[in-house]
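# Working through the structure, step by step
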Amino acid sequence: MKTILNSVIKTVVTITVLLALSHTNAQEGPTEEDYYRLTTIPVPEGILVEGGGVLTLPNGNIAVCTRRGDVWILENPTMAGGNGVNFKKYASGLHEPLGLAYKEGALYTAQRGELTKLMDTDGDGIADTYETIYAWPLSTHYHEYSFGPVLAPDGKFFVTANVAFGDEEWWRGESRVPFRAWTMKISEDGQMEPWATGMRSPAGYGLVDGELFYTDNQGDWIGSGAVWHLPKGAFTGHPAGLKWSGMEGSPISLTEERFYSKIDKRQTKVNGRFVKPENIQDEENPDFAYKIKETFPELQLPAVILPHGILGVSTSEIKVDATKGKFGPFSGQLLVGDMGQSKIMRVALEKIKGAYQGVAFDFRAGFQSGVMRMDFDHNGNLFIGETNRGWGSAGTTNSGLEYLSWTGKVPFEMKTVKAMPDGFEIEFTKEVDRASASDLDSYTGKSYIYKYHAAYGSPQTNIEDVVIKGVKVSEDGLKVRVVTDGLRQFYVHEIVLSGIKTKENGNGILHPTFYYTLNNIPDGDKLSLAELSTQRSSTAKKKVIKKKVVAASSPTPQKRVLTDSEVQPLLTANTCVACHHKDKRVIGPSFKNIAQRKYTDEEMVELIYNPQPKNWPEYATPMAPMPQVPKKEALQIAAWINSLR
Amino acid sequence: MKIKLLYLLLFCGTGMFAQEKLSLETLGAFKEQAGNWQLVGDVAMDRNIDIHQKPEAAEGKKRKRKKKKESATILAPMTFKEGTGILLNNFQEGKKDNLYTNLEHGDIYLEMEVMLPKGSNSGIYLQGMYELQLCDSWGVTNPKFSDIGGIYRNWESEPGKIFHGIAPLSNAAKAPGLWQELRIHFQAPRFAADGSKTSNAKFVSVFLNGQLIHSNVEVPLPTGGAISNREVAKGPLMIQGDHGAVAFRNIRYRSMTDSDVKVSSVSYKTYKGDFKGLEDLEGAKTASEGTVELIDINVVGEEDSYGAIFSGNLEIPVEDTYLFHIGYTGGAEFLLDGKSVAINNSSDAAGTLTAEAELTPGKHSFEIKNVKNAGWRAPRLGLAISTATTNPLEANAFNSFPPNINSVSPIYVEPGARPRLLRGFVSFKGSGKRLSHTIGVGTPKGINYVYDLGSANIIGLWRGNFVDATPMWHDRGNGSFNPRGAVQWTFLNQPIAQLENLTTSFPTTGERPDFISKGYRLDAKTGLPIFKHLYKGVEIENGIRPDSTNTYLINEINFSKAELTDHYCKLAEGKIEKLADGSYAIDDRQYYINLLSEQLPTIREVQGTSELLVPVNGSSIKYEIIW
């Protein structure tokens, strides 16, 4: 019964997510499941695997640590040979451990307040020594989670530490004790080296070519979730940890005082009460991180932005596909989990002018709960520890343990995208249909940036169309150069390849949108116009059509309320579906539930632009302001929501 | 919920109404008795000597246990000093009357401290009818009706008249000779005009040593040994004196009756609109009006965007200080005789207004204004009226302010065949400083403690159920758990330290670089943790285990290095008394420390507190913590 229910739920979620994220007609084409098969591990009754850490051990067993404080060792985790999984409790009683590492026979985990080494000294498969490697202070605020560890190539451990929040200023991340909001590097003998700060909720981390990377979640000072490269001394943006930059061993000299002398803290009182800073609509000359970096060079820009609401809402683990092909065609790339949207994104990095940047795509959705931790087993299966307790997620169960297996079929995807002096080079997993790839109408795009401010998150700002001037398809049909005059350094370039088909069978790209964070534009030769295809299949010569215009272009009279299928492209394009569902509570309330509030259409539009999370105290994740939604579309969405009452 | 909570606070002692003290300066509060009940200035009861035991046997046993002690000391189960303030039943054959108060009570809040010698037995009869058992139940694993806090059975055999007694929810008993705190909220039976009983006597709540041991249990019949078989509205307190010695102090009570306030002529007007404050009701168009018996917000007929004004009369029977609680969602104002006495001018809040007023007998008018413009809050409006001696009168319809039920399933953690450890934040004394690096340890036999890894200190101990992890594991959680028992808290300090001199305080908590926690290992045989930390380079291990009878704890501390100088170990703080058997009573007889190792303890005063210390030279320290 449970399995049936689960699979029904999963199907529903999959369909929802496909509707949400695919611009092609998803039901008719291939789905993610055709290429990456998801298997749920049956967990013995009474055990809750709220996955805080997942790790493959040298013998092929999987270790999982849970928010309930247990460490389970799973033998035969893929249930091979018709045998079940054996769950053995290796350790218990830990304080919400959120990560696992293995070194020389011992497991290491970060509890809230310390890095702990777990050892089984008598060989019964159960830890009997819980050695504190290094303990750090806590103020006992609920949000003081600690994540890790990551085993560094030198045998030391990285641990990241969440901020607390203010008492009255409950929206302001603060570091009450050292070294909250920092990344610490800890050696086996208990020496701690403050490594970097700027963290807000650094749930994700991973090593790429021996270098530390981490992910953070949207929130105050963090406009959107993203992946950062984290060299020693980096300051990634959240200022809370600057409080301790004067402490011994700090590799950062920037002080809070200097920081706030350049940037508005947005800390004001009205009638004796602090006022929560909100996004300022149509703000004149807003701060952007790249501009602030001119003053504070230690400010580390995100390597790859994962646009909030589209590529996740609460990013988690980073895992490099080091399976050498066992997991499919994306070897060497990064997989990044997301808790709220219960999915995994794919990221390809490149280093331009000495700094990391790169591209992000959707990869796989439909997990039963929030994706928190992942690790590959020795056969190239990706094990995923899941939880959503307290935050909510697209996946509807509160915890889960699943694994993702490549089916052996290669999906038609953009394998990677590289920045070029005049645009991008897109590489595909399969040969493209030349006609569709040469047609400029197959490409639409926009670019935008996120603000750097004390308000919670940022809307996409300074949005402009990316006008494609021409394209060039490579001889082998596996690459396309896209040329534009509209590259903007530091901006996210979001390009949709909705018209491109594979030569093989005419299918569209499984995930046809890429999101490239262009921290640097590479030098080099530009393609000459003569080399480019500039043809358009559309008869009328006109400006490239934006997808939202496409969506709205159905002949809809202003006053008529849209049907469900008519409104769907609007909800998708404006990322409403990232958090809302028509009937179901997801991360935010269902549209039907919103309709019950009896807002007028105009009021609802105002709430889209300036949400009031206090109106929905039972929802954990506050809605970000969405001023980028065109007024006309917002009104249509509002009218449709109100029609559900 | 809010209103209910507030009442709980109010009536449990420290609220607006003070409780009356039952004077123990004279025996004037009590009826005549044979003389076994007397007032004394102090009393000490030996935890090891059963009241039924002969002194010689006791001495022999003591000598075996504590060979260091002088064998000449003759140990008595009980000694006392002249004076007043403590009520003692100096029980002896021929002089063993029960004790009755002159006070006759119905509903009552009653609290006291009680001390029992080993093996003794007494009981307190509410209304002389319903016995809450008092006896030495130290260490009992599954308490029965006949253990301390049990509601005793009767001995009737006729069907329909048998009452089997009610066991306490858990055994919160302390060791003999310690002061135990008892808090009772009792509700008397109710009778119709014809004398027939309409509701049973009820123990609304009973707390023993801070632990809830009864919650809304009815006693349908008098218990064994009641002064009468006929249940009545009022009766005296009776304390059993014919079974064994017992002592009481700090007896406080508040006698309650039902309120005679009448709420009459309640009328209402309702309004519709997006009211942002109470002033918006002025000039607003009335949507409906009418009269009701009790305040009922459901008359607005809307879930949200409404306003309502209820007005009516209070018929006040006697001059007194009246306390009003108005529970609401949105915003609300309460007016008495046309004057505003409490207001929260909001439209989206939720809470309780409180107002206190001296009222003369006769009619007074009241008015409640309420607006709500907060779709996420359910309509709620309630009014309760009480005084120091009257139960709250609810002047609202049930559905207007239904009880706010906590629907979260609790997450309890219990040890199985092996000890269960759990790290989590723990608030010292339940509501004090929240510690970050604490671990709870529960043993299969129900001896539990919390150890602070941040200072290498045992901060609390309890018997029975282990912990409630709901605060940590429900929803996001706050990282903490709560012990599920009557916790004996100790003190907050890093207890082992090198002190400059004997006036230097111990460190508040462990700090690098002197103090480094190293975690713990689990003993292969028992599964119990042995904690380890480094202090100034010395490895120190704390092994904490239950004693062989699984009643209390033994802490054994070992050092990696000998010949330490100026090092001390703090064993306890609070008022410290050395007892005849060589052990120490701590904090006005809240618990005992009994040193088993050879060190010579010192009692010192530092910063206004007494501390029990032993010098540390590197040899093992071993002591019992008995509570």
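Residues numbered from 1 in each chain as written. Chains lettered and ligands numbered in written order. Predicted model: local features only at pLDDT ≥ 70, side-chain atom pairs only at ≥ 80, totals over all residues.

## Focus: unusual backbone geometry
Here is the rule: Strands are runs of DSSP state E lasting at least two residues, helices are runs of H or I lasting at least four, and both sets are numbered from the N terminus onward. In this scheme the burial state of a residue depends on its C-beta neighbours within 10 Å: 20 or more other such atoms mean buried, 12 or fewer mean exposed, and anything in between means partly exposed; the C-beta positions come from the backbone.
Note that the residue after Gly148(A), namely Pro149(A), is joined by a cis bond; omega there is 10 degrees. In this model, Arg512(B) is joined to Pro513(B) through a cis peptide bond whose omega is 0 degrees. Residue Ser342(A) is not a glycine yet carries a positive backbone phi of 50 degrees. With respect to the secondary-structure elements, Ser342(A) resides in the loop between β23 (334-338) and β24 (343-352). Judged by local crowding, Ser342(A) falls into the buried class, with 29 C-beta atoms found within 10 Å.

## Here we look at the interface of chain A and chain B
Here is the rule we go by: The contact criterion used here is simple: two residues whose C-beta atoms, placed from the backbone, lie within 7 Å are in contact. Under this grouping Gly is polar, as are all residues other than the nonpolar Ala, Val, Leu, Ile, Met, Phe, Trp, Tyr, Cys and Pro and the charged Asp, Glu, Lys and Arg. Two strands make a pair as long as DSSP finds a minimum of two bridges between them.
At the junction of the two partners, chain A supplies 30 residues and chain B supplies 26 residues. Split by residue class, the side of chain A that touches chain B holds nine nonpolar, 13 polar and eight charged. Relative to strand β34 (residues 515-522) of chain B, strand β9 (residues 129-135) of chain A is paired through three bridges, and the arrangement is antiparallel. Residue pairing for β34(B): Tyr130(A) is matched across the bridge by Tyr520(B).

## A word on the packing of helix α7 (residues 564-573) of chain A against helix α10 (residues 631-642) of chain A
Residues and elements named next belong to chain A. We apply this condition: Lines fitted to C-alpha atoms define the axes here, with helix axes fitted over just the stretch in contact, and angles between the N-to-C directions of these axes take values from 0 to 180 degrees. Here roughly perpendicular refers to angles of 65 to 115 degrees, roughly parallel to angles under 35, roughly antiparallel to angles over 145, and oblique to all remaining angles. Take the far helix as the reference: if the near one is turned anticlockwise from it by less than a right angle, the crossing is left-handed, and if turned clockwise, right-handed.
Their axes nearest at 10 Å, the elements α7 and α10 cross at an angle of 125 degrees. The orientation of α7 with respect to α10, classified from their angle, is oblique. The element α7 and its partner α10 pack so that their crossing is left-handed. Residues Val567, Leu570 and Leu571 of α7 form the contact with α10, whose participating residues are Glu633, Gln636, Ile637 and Trp640. Here the residues of the contact of α7 with α10 are counted per class, giving five nonpolar, one polar and one charged.

## A look at the environment of Asn448(B)
Summarising the element assignment, Asn448(B) is placed in strand β28 (residues 447-452). Among all residues touching Asn448(B), those that are not within four sequence positions of it are Gly440(B), Val441(B), Gly442(B), Thr443(B), Trp462(B), Phe466(B), Pro483(B) and Gly485(B).

## Regarding the pairing of strand β43 (residues 609-616) of chain B
Residue and element names in this part refer to chain B. Of the pairings in the sheet, the one linking strand β38 (residues 567-573) to β43 comprises six bridges and is antiparallel in character. Looking at the pairing, Ala572 lines up with Leu612 of β43. Examined bridge by bridge, strand β42 (residues 602-606) and β43 share five bridges and lie antiparallel to one another. By the bridge assignment, Ile603 is partnered in β43 with Leu612.

## Here's the deal with the sheet that holds strand β10 (residues 146-151) of chain A
All names here are of chain A. The strand order across the open sheet built from four strands is β10-β11-β14-β15, with neighbouring strands paired in antiparallel fashion. The outermost strands of the open sheet, each flanked by one partner alone, are β10 and β15 (192-197). Across the sheet, the axes of successive neighbouring strands diverge by a mean angle of 25 degrees, strand direction being ignored.

## Details of α10(A)
The condition is simple: The span you would expect from a helix comes to 1.5 Å times its residue count less one.
Between its first and last C-alpha, α10(A) extends 16 Å over twelve residues, near the 16 Å set by a 1.5 Å rise per residue. Three or more residues of α10(A) are buried, namely Glu633(A), Ala634(A), Gln636(A), Ile637(A), Ala638(A), Trp640(A) and Ile641(A).

## Description of the nonpolar core
Convention followed: Any nonpolar core is a set of buried residues, restricted to Ala, Val, Leu, Ile, Met, Phe, Trp, Tyr and Cys, that join up through C-beta atoms within 7 Å.
Counting 290 residues, the largest nonpolar core has Val227(A), Val471(A) and Ile625(B) as the members making the most contacts within it. Setting aside chain neighbours within four positions, we find Val471(A) in contact with Ala437(A), Ser438(A), Leu440(A), Tyr443(A), Val480(A), Arg481(A), Val482(A), Val483(A), Leu532(A) and Ser533(A). Listed in part, the 31 residues of the second largest apolar core include Val266(B), Ile297(B), Leu323(B) and Ile368(B).

## Notes on the confidence of the model for chain A
Predicted coordinates in regions of low pLDDT should not be interpreted in detail. Residues and elements named next belong to chain A. Inclusion rule: On a scale of 0 to 100, pLDDT captures the predictor's confidence in every residue.
Chain-level statistics for chain A give a pLDDT mean of 91 and a share of 93% at 70 or above. Low pLDDT, under 50, characterises residues 1-27; the stretch is placed with 33 contacts to residues that sit more than four places away or in other chains. Low pLDDT (under 50) marks residues 548-557, which in the prediction has twelve contacts with non-local residues, meaning those over four places away or in another chain.

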